[in-house]
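Single-letter residue listing:
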Amino acid sequence: MKEDISKVRLSYGRAISRRQFMNRFYELFMNSSPIVAHKLAATDIEKQQELLSQAVNMVILFPQGNKIATNAIKRIRESHHRDGLDIKPEYYSFWVDSLVMALAEHDPEFDNELEQAWRKVVQNAIDYIVEGY
Ligand code: HEM
């Protein structure tokens, strides 16, 4: 896992340095399902993109037990709960697949191995968030 996290951090650095990356992730996510579009209909896109770019960092740091990341993911687990934003466990695959697609377009070093590393790292935080649903 440690090696995967290092690879993923470098990959995220490469992707986020390209201006269009976050826009594209958000666009792919919005278009991934009518359910997602509906949930995010009233959302301020610019604000959400900023929050999301920080949230991805927290997702990456979460598996190693980083304290700030643990708190951040805990907060997301609470806000996305059935009594709050009500994000059903099955919606998270839209998020992951959109992220992977945006990475594939923006990280020039993206390949199959890196995709597996990303999916493994991200799944950790998602499992934790979904357990709290
Ligand atoms: C691991 C995956 C995800 C992460 C890290 C994440 C992160 C965040 C963060 C940081 C916020 C803003 C603060 C908050 O309300 O907690 C947020 C808001 C939100 N998220 Fe997520 N999210 C994820 C998955 C999803 C999914 C799958 C959906 C499904 C549609 C979703 C829908 C929303 C909505 C509707 C808001 C509120 C936006 C607003 O304030 O208008 N999220 N998310």
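Heads up: these notes are all about the structure in this document. (Residues numbered from 1 in each chain as written. Predicted model: local features only at pLDDT ≥ 70, side-chain atom pairs only at ≥ 80, totals over all residues. Heavy atoms only, no water.)

Notes on the overall build of the chain
On a plain count of helices and strands, the chain comes out with 7 helices and 0 strands. When the helices and strands of the chain are listed from N to C terminus, the series reads α-α-α-α-α-α-α. A globule of 133 residues ought to have a C-alpha radius of gyration of about 14 Å, and the chain, at 14 Å, matches this closely. Based on the C-alpha atoms only, the size of the chain along its principal axes is roughly 40 × 30 × 25 Å. The buried share among the 133 residues of the chain stands at 39%. Taking the intrachain contacts of the chain between residues at least 6 apart in sequence as the baseline, contacts between residues at least 24 apart amount to 73%. Accessible area of the chain: about 7800 Å², with a carbon and sulfur share of 50%. A gap of 5 Å separates the mean positions of the 17 positive and 19 negative side-chain charges of the chain. (Helix = DSSP H or I, 4+ residues; strand = E, 2+ residues; numbered from the N terminus. Rg over C-alpha atoms; globule rule 2.2 N^0.38 Å. Buried < 20%, exposed > 50% of the residue type's maximum accessible area, 1.4 Å probe, protein only. Contact = heavy atoms within 4.5 Å. Areas by Shrake-Rupley, 256 points an atom, 1.4 Å probe, with all protein chains shown as cover. Lys, Arg positive; Asp, Glu negative; His and termini not counted. Charge placed at Lys NZ, Arg CZ, Asp CG, Glu CD.)

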